[in-house]
Structures are given as C-alpha cells and as structure tokens.
Amino acid sequence: MMTDPVADMLTRIRNAVAIERPHVDIPTSKLKVGIAEALQREGYIWEYEIVENEPRNLLRLILKYGPNGERVITKIDRLSKPGCRVYANVKGTPVVLDGLGVAILSTNKGVLSSREAKDQNVGGEVLCTIY
C-alpha cells in the first residue's frame, strides 16, 4: 500500500527527466489524470494517455524537452503532504519563481494550475509546485 501516490507520481517524473526518458508510466487515478491535464495545459508535457494494462491501467506522460535537449521541468516539489495539508485561498496562492513556474491546486472545480485558479477565483489544496 502506498501512503502518498501523488508524491510517487512526482518522483517518477523527476527521475525520468533526470535521465532524459521520452515518457514515464505511472499507475492511474483520477487525481493523477487531473495533474497530467494541468501539466499539459501549462506546457510542461507534450501529452498524456491511458494505457490499458493488467491488473491496472497506466498513465503515460510524454515528457517535453527543448530543441537541444534542455529540460522543460527543472524542479517539481510536493507541497501538501498527507500529514500536513497546505491550503490556499485566491489571494494566498503561492507565486512560484516570480511567476515563471506554477503551482498545481486541487479545487472544487477540478485540478487547476495557480494561474487558472486565479482566473476562476477559487482556492484549494496546493498539491505541488513546478518550474
């Protein structure tokens, strides 16, 4: 049993980017698919797909690199943990690297980036930061 599946997802992404893999496979869940959608909307990954597999489906993230192989994702950190949840309202949403990065939030309107959450005027649990 895994106590923090979101941290596992972020660690898999971090490790795959470190060795410059073209894609990474992660056990799927609705929250992880929401995080993948937010990463795609913000331009950190090319795309994601659900791969049918036994006994459990996999979420495949196609990672994005620059034209000369430079990493698009340089740092990805878990902010809210199972033992210490971190919540933010609209005004308290974290600013990552002076606006160059984003925070991923779990809101009542779904999983959104900090930019989208400010546009929709919602707050929520701050899952991770990325730049």
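Here we summarise the structure given alongside this text.

Conventions adopted
Residues numbered from 1 in each chain as written. Predicted model: local features only at pLDDT ≥ 70, side-chain atom pairs only at ≥ 80, totals over all residues. Heavy atoms only, no water. Helix = DSSP H or I, 4+ residues; strand = E, 2+ residues; numbered from the N terminus. Buried < 20%, exposed > 50% of the residue type's maximum accessible area, 1.4 Å probe, protein only. Contact = heavy atoms within 4.5 Å. Polar contact = N/O pair within 3.5 Å; in protein donor to acceptor, adjacent residues only side chain to side chain. Disulfide = S-S within 2.5 Å. Pairing = 2+ DSSP bridges. Core = buried A, V, L, I, M, F, W, Y, C linked by side-chain atoms within 4.5 Å.

### Focus: unusual backbone geometry
Along the chain, Glu54 connects to Pro55 via a cis peptide bond; the corresponding omega equals 0°. Within the secondary structure layout, Pro55 lies in the loop between β2 (45-51) and β3 (58-63). One non-glycine residue, Glu20, adopts positive backbone phi at about 55°. The phi dihedral of Asn121 falls on the positive side, at around 60°, and the residue is not glycine. Here Asn121 shows up in the loop between α3 (114-120) and β8 (124-130). Among the residues examined, Asn121 registers a relative accessible area of 55% and is labelled exposed.

### Some points on the side chain of Ser113
Residue position: Ser113 is located in strand β7 (residues 110-113). By relative accessible area, Ser113 is classed as buried at 0%. When neighbours within four sequence positions are excluded, Ser113 is seen to be in contact with Glu42, Val102, Ala103, Ile104 and Leu105.

### Re the side chain of Arg78
By secondary structure assignment, the location of Arg78 is in strand β4 (residues 76-78). Engagement of the side chain of Arg78 in a polar contact is seen with the side chain of Asp4, the distance being 3.0 Å. For Arg78, the contacting residues outside a window of four places in its chain are Asp4, Val6, Ala7, Leu10, Arg85, Leu127 and Cys128.

### Overview of the state of the cysteines
For the structure on display, the rule yields 0 disulfides. Lacking any disulfide linkage, Cys128 is separated from the closest cysteine sulfur, that of Cys84, by 16 Å. Assessed through its relative accessible area of 0%, Cys128 is described here as buried.

### Some words on the pairing of β2
Relative to β3, β2 is paired through 6 bridges, and the arrangement is antiparallel. The partner of Glu49 across the bridge, within β3, is Arg60. As consecutive antiparallel partners, β2 and β3 are separated by 6 residues.

### Quick look at the nonpolar core
Ranked by size, the top nonpolar core spans 27 residues in total, and within it Ile13, Ile35, Leu39, Leu61, Leu63 and Ile104 carry the most contacts. For this core, the secondary structure elements donating two or more residues are α1 (5-18), β1 (23-27), α2 (30-41), β3, β6 (102-107) and β8. Broken down by element, the residue count for this core peaks at 6 residues, all from α1. The contacts of Ile104, once residues within four sequence positions are left out, are Ile35, Ala38, Leu39, Val111, Leu112, Ser113, Glu125, Val126, Leu127 and Cys128. In terms of nonpolar packing, the next biggest core, distinct from the first, is built from 8 residues, Ala88, Val96, Leu105 and Leu112 among them.

Remember, this is a structural readout, not a statement about activity or role.
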